[in-house]
There are 2 protein chains.
Amino acid sequence: MSRPRVVIVGGGFAGLTAAKALAKAPVDVVLVDRRNHHLFQPLLYQVATAGLSPGQIAQPIRSILRRQANATVLLDEVVRVDRARKQIHGRNAGAIPYDVLILATGATHAYFGHDEWSANAPGLKTLEDATAIRRRILEAFEHAELAADPVQREAFLTFVVIGAGPTGVEMAGSIAELARHTLAADFRNIDPRQARIILVEAGPRVLPAMPAKLSDAAKAGLERLGVDVRLNLAVTGCFADRVEVGADAIACRTIIWAAGVRASPVGAWLGGDIKLDRAGRVEVESDLSVHGYPEIFVVGDAAHVADKDGKQVPGIAPAAKQQGSYVASVIAARLAGAGHPEPFRYVDRGNLATIGRGEAVADLGRLQLKGTIAWWFWGMVHIFFLIDFHNRLSVMLDWIWSYVSFGRSARLITSGVSWSGDEPPPSKPDAG
Amino acid sequence: MSRPRVVIVGGGFAGLTAAKALAKAPVDVVLVDRRNHHLFQPLLYQVATAGLSPGQIAQPIRSILRRQANATVLLDEVVRVDRARKQIHGRNAGAIPYDVLILATGATHAYFGHDEWSANAPGLKTLEDATAIRRRILEAFEHAELAADPVQREAFLTFVVIGAGPTGVEMAGSIAELARHTLAADFRNIDPRQARIILVEAGPRVLPAMPAKLSDAAKAGLERLGVDVRLNLAVTGCFADRVEVGADAIACRTIIWAAGVRASPVGAWLGGDIKLDRAGRVEVESDLSVHGYPEIFVVGDAAHVADKDGKQVPGIAPAAKQQGSYVASVIAARLAGAGHPEPFRYVDRGNLATIGRGEAVADLGRLQLKGTIAWWFWGMVHIFFLIDFHNRLSVMLDWIWSYVSFGRSARLITSGVSWSGDEPPPSKPDAG
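The structure presented is a predicted model; accordingly, all values stated were derived computationally and were not measured.

The rules behind the values
- Residues numbered from 1 in each chain as written.
- Chains lettered and ligands numbered in written order.
- Predicted model: local features only at pLDDT ≥ 70, side-chain atom pairs only at ≥ 80, totals over all residues.
- Heavy atoms only, no water.
- pLDDT = per-residue confidence, 0-100.
- Pairing = 2+ DSSP bridges.
- Helix = DSSP H or I, 4+ residues; strand = E, 2+ residues; numbered from the N terminus.
- Axes fitted to C-alpha atoms, helices over the stretch in contact; angles between N-to-C directions.
- Contact = heavy atoms within 4.5 Å.
- Least-squares fit on C-alpha atoms with pLDDT ≥ 70 in both.
- Expected span 1.5 Å × (residues − 1).
- Buried < 20%, exposed > 50% of the residue type's maximum accessible area, 1.4 Å probe, protein only.
- Salt bridge = Lys/Arg side-chain N within 4 Å of Asp/Glu carboxyl O.

Taken residue by residue, chain A gives an average pLDDT of 91. The fraction at 70 or more is 96%. At the level of chain-chain contacts, confidence expressed as ipTM amounts to 0.87, with global pTM at 0.90.

All names here are of chain A. Taken in spatial order, the 4 strands line up as S13-S12-S11-S17 in an open sheet, and their pairing is parallel. Each of the sheet's edge strands pairs with one partner strand only, and the pair in question is strand S13 (227-230) and strand S17 (254-257). With strand direction ignored, the average angle separating the axes of adjacent strands in the sheet is 20 degrees. Where strand S11 (residues 158-162) and S17 come together, 4 bridges link them in parallel fashion. When the sheet's bridge partners are listed, Phe159 is paired in S17 with Thr254. Sheet strands touched by helix H4 (residues 127-146): S11 and S17. Its angle to S17, the strand with the most contacts, is close to 155 degrees.

Okay, the relation of the copies chain A and chain B next. Turning chain A through 180 degrees and shifting it by 0.0 Å along the axis lays it on chain B, with an RMSD of 0.0 Å. Such a turn and shift between the copies fits a two-fold axis.

Attention now moves to H4(A). Given 3.6 residues to a turn, an α-helix orients residues that are three or four positions apart in the same direction. With 20 residues, H4(A) extends 29 Å between its outermost C-alpha atoms, agreeing within 8% with the 28 Å of an ideal straight helix rising 1.5 Å per residue. Counting buried positions over the 20 residues of H4(A) gives 18, a clear majority of the element.

In this section: the pattern of salt bridges. Applying the stated criterion across every chain yields a total of 38 salt bridges over all chains. The partner of Lys219(A) in a salt bridge is Glu223(A), with the nearest N and O atoms 2.9 Å apart. One end of the pair is Lys219(A) and the other is Glu223(A), both in helix H7 (residues 212-224) and 4 residues apart, which spans about a single turn. Among the residues examined, Glu223(A) registers a relative accessible area of 37% and is labelled partly exposed. Across the salt bridge formed by Asp228(B) and Arg230(B), the nearest N and O atoms sit 2.9 Å from each other. With relative accessibility at 30%, the residue Asp228(B) sits in the partly exposed group.

For helix H11 (residues 389-405) of chain B, with 17 residues, the first-to-last C-alpha span of 24 Å sits near the 24 Å given by 1.5 Å per residue. Inspection of H11(B) places His390(B), Asn391(B), Ser394(B), Val395(B), Leu397(B), Asp398(B), Trp399(B) and Ser402(B) among the buried residues, and these make up the whole buried set. In the core, the buried residues of H11(B) are packed alongside helix H11 (389-405) of chain A together with helix H2 (44-48), strand S4 (58-60) and helix H10 (371-385) of chain B. Residue Phe406(B) follows H11(B) closely and has a positive phi angle near 65 degrees.

With that out of the way, let us pick up the pairing of strand S15 (residues 242-245) of chain B. Residue and element names in this part refer to chain B. Going residue by residue along S15, you find Val243 and Val245 tucked away on one face and Arg242 and Glu244 left uncovered on the opposite face. Taken together, the 3 bridges between strand S14 (residues 235-238) and S15 define a ladder with antiparallel strand orientation. Residue pairing for S15: Gly237 is matched across the bridge by Glu244. Connecting the antiparallel pair S14 and S15 is a turn made up of 3 residues. Strand direction decides the pairing type here: S15 and strand S16 (residues 248-251), joined by 4 bridges, are antiparallel. Among the inter-strand pairings, Val245 is bridged to a residue of S16, identified as Asp248. Here S15 folds back onto S16, and the loop between the two strands holds 2 residues, one of which, Gly246, carries a positive phi near 55 degrees.

As structure tokens, then:
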């Protein structure tokens, strides 16, 4: 008789961890993703700000699972889940039957019902997002260099980041350093150090998931870098030439959205009767399975999981990994005929965010770090968790080089996205 | 009185060398390019075959010229040259006046009057071209893995490279190694080693610019890698599903065009009375100026320059650099009131091409190398000429890693180009 088939949708931290954790289990694993690479999302903001190249934080899922004999990788896009027939439908592969299904499709950015903002205020989830944002930021300085009208020049030199969670803080700090250090001497008509970086947050503090003390430290660090942090300010409109916050408008040509996430459409795939939270996450059972469907699990950012004191488990890599390996153990236990599994328990190993050169905050429970120590800690942790040895080396090399030279290794304007300003992209590849 | 203004169009090897060579001259240098980066084109094929990342072979022109006080960089696209008013017109900047103009806008691929082939047989000139080709190659294997129909699977596993100059040879060899080594173990339904790589050349031998002996060595090397080299075969049609060569058709889904180049439209900008050769290159005077316009120079791949025995100077980096620095010296001499300059003389320092791991050919005049020695020589030369120290380190790191692991560091399918097959791109970013 053939071995049970575990189909995993999504090659992020949760899905990939589940796949690896099933290496020794008597199952066939099929991992389906519409991208060919696993992305180390915690460093994505560095691609968006020209510090790293896409290849350094991504690796082909195939090569990660190359030596896992019971694993198959399908590059395909899931369009539907058929719970009755126990099969998913891929755009290319058609029906893919499963005995056990693990949905680990993550989240995308949410505009709180204002999807029309997305064109002017792109979010940061994929490598394409990152290179598109990189292009916008670098082109803004180029347009400013060419602008004759000082008002327009200032608008091109104004960067608004919306949302002061880890991504927003990291983006704001990184853009500030790009302007103050990396680009400082590269232009003749403008002084990039005059660039305004504005971080807009609807809540009362930055990094709300952190203890108040560290939020204050992060805010102070951002302000030392010259970031204009504006709290308790709700965005009411994002346009090609301005951000509207309440009554006033900030004239700018570059907006980055880091304000909210929404789960990928797992709920829609599964059908109407599945309970979702406000962010579209599936409200799973204590074993991360879908109510009434013990053979279907939802893990990572697509799942609404409460930790022991009822708080939603944060959407960070460690949480996703823990859920992935937990589900693998549940599946293994079932096959071994073991009894009911312990409910999933999230182990909080802490919370990190970096602001800039020598500036970071780390909440490790009892231990709270800030400044240079936290920054080194952050760097070591991220190097350590990078997918493979080669990437670790090359990222370390780039970081050391940037630290010494203040340079950035990936200051490339390449196409693939269209410039949202009035002018055509200066580097429009198909032109002339 | 203000210093004479030297406007250089194009930040490739010729233009950038001219700009740097004018650092000490009593002139203002304005370098205009529609891209923000200088590209190390000799290694572009490695980006197209996932060996290197775009950031490793490109560097912002601004940062290269950062410390050159008399140089300004404009990211703009030239649409017209007004010889009478002595100004060029940029799409963004408008009129840019010049006292001396250096046109160094390079070349693009030519389809011999069959531009309709370009969609199915992309060429390799820009970073966008390279990532688009990388995407096609990697997606072809993914489609093959999913293909149920063996005929279709074989078509997806057939790669046709048209043109056996250095680029064609390097692409064919590199795709062969990608299939034979890097991807060998990554799939379950296909064996990438079964991929057919066909190199089609209209002429009687590969690397026609090389001595016959080295052409034979290169052909033998390609065949050892499993490349099917077909000489004296003219392509008569490129389609989404096949290449037509004379009477027969080769069923394939990936075609790479490396057969011909055409100069960028310098002739059109300058106006009708300028003498061009068949490839659209401007036939310049012995001092590389345009006949009747001593203040306008054309250098690099946009110029038709004959060496001492009347042969067209090859379109390679060393030739472009020599022309760039020659023109700078001519301009400096004129300003110094020195007499008529010596005509340009191309110094042939040799000719290199690499085929694959441990396989290259080098024609250094008296000395001709092949095999491993030539390969190491090729590697050292290319590392040495890479734009900056940081890139040298990171490229070396990747090469060493690839050499040891047979892996490639940039196996990314990212979007920005559309898949030309019937199916939608599996990784279509805006889908789902």
